[in-house]
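Chain by chain, the residues run as shown.
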Amino acid sequence: MRLGLPLAIGAAFSFGMSGGWARGLMDAGWSPGAAVTARVWVAALVLLVPTILALRGRWHLVWKNAGMIAVYGLLAVAATQFCYFQAVAVMDVGMALLIEYTAPIAVVLWLWLRRGERPSRRSVLGAAVAFAGLVLMLDVLGGTRVSLAGIGWALAAMIGAATYFVLSARADTGLPPIALAGGGLLVGALGLTVAGLAGVLPITWNTHDVAYRFGSVPWFVPVLAIGVLATALAYVLGITSTRMLGSRLASFVALAEVVAALLFGWILLGQLPDLMQAFGGVLVLGGVVLVKLGEPAADSSPESVPDPVASV
């Protein structure tokens, strides 16, 4: 807890800054597909050498866990990003993000069904409180239009996000966290590229300066920020902390990403949350505390979970 919790919060804040940087790129004419493909490729290249060094003399671990790495890259990385942006294309961003962030509840249900870990009343109450906090923070009660297609895409993104937590928690693979992150990001980058070349994922980009609250910067500044800080660093911190905390608690701590997104939205774009959104943030943190209080004592140790690849 002493190390895993701050690492998990660091991962959430790293992931959370991506929205603000990416919004600037999209306002400058980049398509969401181009922004996310650049993001994943930069992160994959940054982690390539560390991944090779971490696996030196242990390449058999890659072949042994090839199926998990493939599912992680295609589902937890590429599909999650792709489905989320598809949802945003046909429905309000707040509703799409809210549906995706029901992933922690999906993790609790997964562990209940697959491992028989029935959630305690406190965990259930914590989930409800955190969900209520997200509703307030994302301001989805003010007349949001609903799209059935958008809901379907957002639910698919939620499954990808839940897969991220379940696979990241596996400590029985022998894979160093940085190797899982690097391998998964490389597979995800290749998957997004193939989708772009096939015309499934629209790719539009340019080299114009990008405007933010503090001024304009060259296009490569937000691309590097998203790739290095909001992806490469975020995935390494996320996998490491999830192995320490367990997938259930880590997935709820990751709700802090929404808090971080609001913070960086203000810093980069000047978008200030209102009083109700701030109250929602307090509820989210309260929900995380309740979930921790409802955790079984054994769950605070690294997990060794059944292989979820078979069921995926």
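Residues numbered from 1 in each chain as written. Predicted model: local features only at pLDDT ≥ 70, side-chain atom pairs only at ≥ 80, totals over all residues. Heavy atoms only, no water.

Trainee: Before we go on, may I ask you to explain the overall build of the protein in this structure?
Mentor: Counting its secondary structure elements, the protein contains 14 helices and two strands. For the protein, with 312 residues in total, the buried portion stands at 52%. Restricting the contact set of the protein to residue pairs at least 6 apart, pairs at least 24 apart contribute 90%. Surface summary for the protein: the accessible area is close to 13700 Å², and the carbon and sulfur share equals 71%. (Helix = DSSP H or I, 4+ residues; strand = E, 2+ residues; numbered from the N terminus. Buried < 20%, exposed > 50% of the residue type's maximum accessible area, 1.4 Å probe, protein only. Contact = heavy atoms within 4.5 Å. Areas by Shrake-Rupley, 256 points an atom, 1.4 Å probe, with all protein chains shown as cover.)

Trainee: Help me understand a nonpolar patch on the surface, please; the structure alone is not making it clear to me.
Mentor: Residues Leu-45, Leu-48, Val-49, Ile-52, Leu-53, Trp-59, Trp-63, Leu-186 and Leu-190 make up a contiguous nonpolar surface patch of about 930 Å² in total accessible area. Going through the elements one at a time, helix H3 (32-54) and helix H10 (177-197) are the ones with two or more residues in the nonpolar patch. Per-element tally for the nonpolar patch: the top contributor is H3, with five residues. Tracing the backbone through its elements, the reader meets Leu-53 in helix H3. (Patch = residues over 30% accessible without salt bridge, like charges linked within 9 Å, V, L, I, M, F, W, Y side chains within 5 Å. Salt bridge = Lys/Arg side-chain N within 4 Å of Asp/Glu carboxyl O.)

Trainee: What is the right way to read H3 from this model?
Mentor: Spanning 23 residues, H3 covers 32 Å between terminal C-alpha atoms, matching the ideal 33 Å at 1.5 Å per step. Of all bends in H3, the biggest is about 40°, found at Leu-48, and the proline Pro-50 comes one to four residues later. (Expected span 1.5 Å × (residues − 1). Bend = angle between axes of the 7 residues up to and from the residue.)

Trainee: Looking at this model, I keep getting lost on helix H11 (residues 220-245). Mind explaining?
Mentor: Side chains three or four residues apart in an α-helix point the same way, a direct result of the helix having 3.6 residues per turn. Its 26 residues give H11 an end-to-end C-alpha distance of 35 Å, which sits within 8% of 38 Å, the value for a rise of 1.5 Å per residue. Taken as a whole, H11 carries its principal kink of about 35° at Ala-234. Count one or two residues on from H11 and you reach Gly-246, which has phi positive near 95°.

Trainee: In this structure, what is going on with the UniProt feature "transmembrane region" (unreviewed entry) in the protein? I would like to understand it.
Mentor: This chain's UniProt record puts "transmembrane region" (unreviewed entry) on residues 38-55, 67-87, 93-112, 124-142, 148-167, 179-205, 217-237 and 249-269. Its end C-alpha atoms 27 Å apart, residues 217-237 is made of 86% helix and 5% strand. For residues 249-269, the helix share is 90%, the strand share is 0%, and the end-to-end C-alpha distance is 31 Å. (UniProt positions renumbered as here; feature names shortened; annotations may be inferred.)

Trainee: Sorry if this is basic, but what is going on with the confidence of the model for the protein here?
Mentor: Interpreting fine coordinate detail is not advised for predicted regions of low pLDDT. The share of residues in the protein with pLDDT of 70 or more is 88%, and the mean pLDDT across the chain is 80. Ranking the elements of the protein by mean pLDDT puts helix H6 (residues 93-100) last with 70 and strand E1 (residues 210-212) first with 93. Between residues 298-312, whose pLDDT stays under 50, and residues either more than four places distant or in other chains, the model counts 42 contacts. (pLDDT = per-residue confidence, 0-100.)

Trainee: Mind showing me how you'd approach the pattern of salt bridges here?
Mentor: Scanning all chains against the criterion turns up one salt bridge. With its nearest N and O atoms 3.0 Å apart, the salt bridge here joins Asp-27 to Arg-23. Note that Asp-27 and Arg-23 are positioned in helix H2 (residues 18-27) at a spacing of four residues, about one turn of the helix.

Trainee: Sorry if this is basic, but what is going on with the nonpolar core here?
Mentor: Residues Tyr-72, Leu-185, Tyr-235 and Phe-252 are the most contacted members of the largest nonpolar core, which totals 69 residues. Per element, the largest residue contribution to this core is twelve residues, and it comes from helix H5 (residues 66-90). Apart from the residues lying within four places of it in its own chain, the contact partners of Leu-185 are Val-40, Ala-43, Ala-44, Leu-47, Val-77, Thr-231 and Tyr-235. (Core = buried A, V, L, I, M, F, W, Y, C linked by side-chain atoms within 4.5 Å.)

Trainee: Honestly, the packing of aromatic side chains in this entry has me stumped. Any pointers?
Mentor: Geometry of an aromatic ring pair is reported as the spacing of the ring centres plus the angle between the planes. With the rule as written, the count across this model stands at nine aromatic pairs. Pairing Trp-205 with Trp-219 gives two aromatic rings, centres 6.1 Å apart and planes at 50°, and the pair type is tilted. With Trp-205 in the loop between H10 and E1 and Trp-219 in the loop between strand E2 (215-217) and H11, the pair connects residues that are 14 residues apart, well separated along the chain. Among the aromatic side chains, those forming a connected cluster through ring pairs are Trp-30, Trp-205, Trp-219 and Phe-220. (Phe/Tyr/Trp six-rings, centres within 6.5 Å; stacked < 30°, edge-to-face > 60°.)

Trainee: Just to check I follow, could you spell out the environment of Arg-2 for this structure?
Mentor: Along the chain, the position of Arg-2 falls in the segment before helix H1 (4-16). With 243 residues separating them along the chain, Arg-2 and Leu-245 place their C-alpha atoms 10.0 Å apart.

Trainee: When you look at the environment of Ala-254 in this model, what are you seeing that I'm missing?
Mentor: Here Ala-254 is to be found in the loop between helix H12 (247-253) and helix H13 (256-269). Beyond its immediate chain neighbours, meaning those up to four positions away, Ala-254 contacts Ala-12, Tyr-101 and Phe-165.

Trainee: Help me out: how do you make sense of the packing of H1 against H11 in this one?
Mentor: Packed helix pairs are characterised by how far apart their axes lie and by the angle those axes make with each other. Axis separation between H1 and H11 bottoms out at 8 Å; the angle between their running directions is 150°. What the angle tells us is that H1 and H11 run roughly antiparallel. As for the relative orientation of H1 and H11, their crossing is left-handed in sense. Where H1 abuts H11, its residues Gly-4, Leu-5, Leu-7, Ala-8, Gly-10, Ala-11, Ser-14 and Phe-15 lie against Leu-229, Ala-230, Leu-233, Ala-234, Tyr-235, Leu-237, Gly-238, Thr-240, Ser-241, Met-244 and Leu-245. The residue inventory of the contact of H1 with H11, partitioned by class, reads 13 nonpolar, six polar and no charged. (Axes fitted to C-alpha atoms, helices over the stretch in contact; angles between N-to-C directions. Parallel < 35°, antiparallel > 145°, perpendicular 65-115°, else oblique. Left-handed = near helix turned anticlockwise from the far one by under 90°. Nonpolar A, V, L, I, M, F, W, Y, C, P; charged D, E, K, R; others polar.)

Trainee: Honestly, the side chain of Arg-39 in this entry has me stumped. Any pointers?
Mentor: Summarising the element assignment, Arg-39 is placed in helix H3. Setting aside chain neighbours within four positions, we find Arg-39 in contact with Phe-15, Ser-18, Gln-81, Ile-226, Gly-227, Ala-230 and Thr-231.

Trainee: Just to check I follow, could you spell out the packing of H3 against H10 for this structure?
Mentor: At a minimum axis distance of 7 Å, the contact between H3 and H10 shows a crossing angle of 145°. Crossing of H3 over H10 shows left-handed handedness. Contacts from Val-36, Thr-37, Val-40, Trp-41, Ala-43, Ala-44, Leu-47, Pro-50, Thr-51 and Ala-54 of H3 reach H10 at Ile-178, Ala-179, Ala-181, Gly-182, Leu-185, Leu-186, Gly-188, Ala-189, Leu-190, Leu-192 and Thr-193. Looking at the contact of H3 with H10, its residues break down into 16 nonpolar, five polar and no charged.

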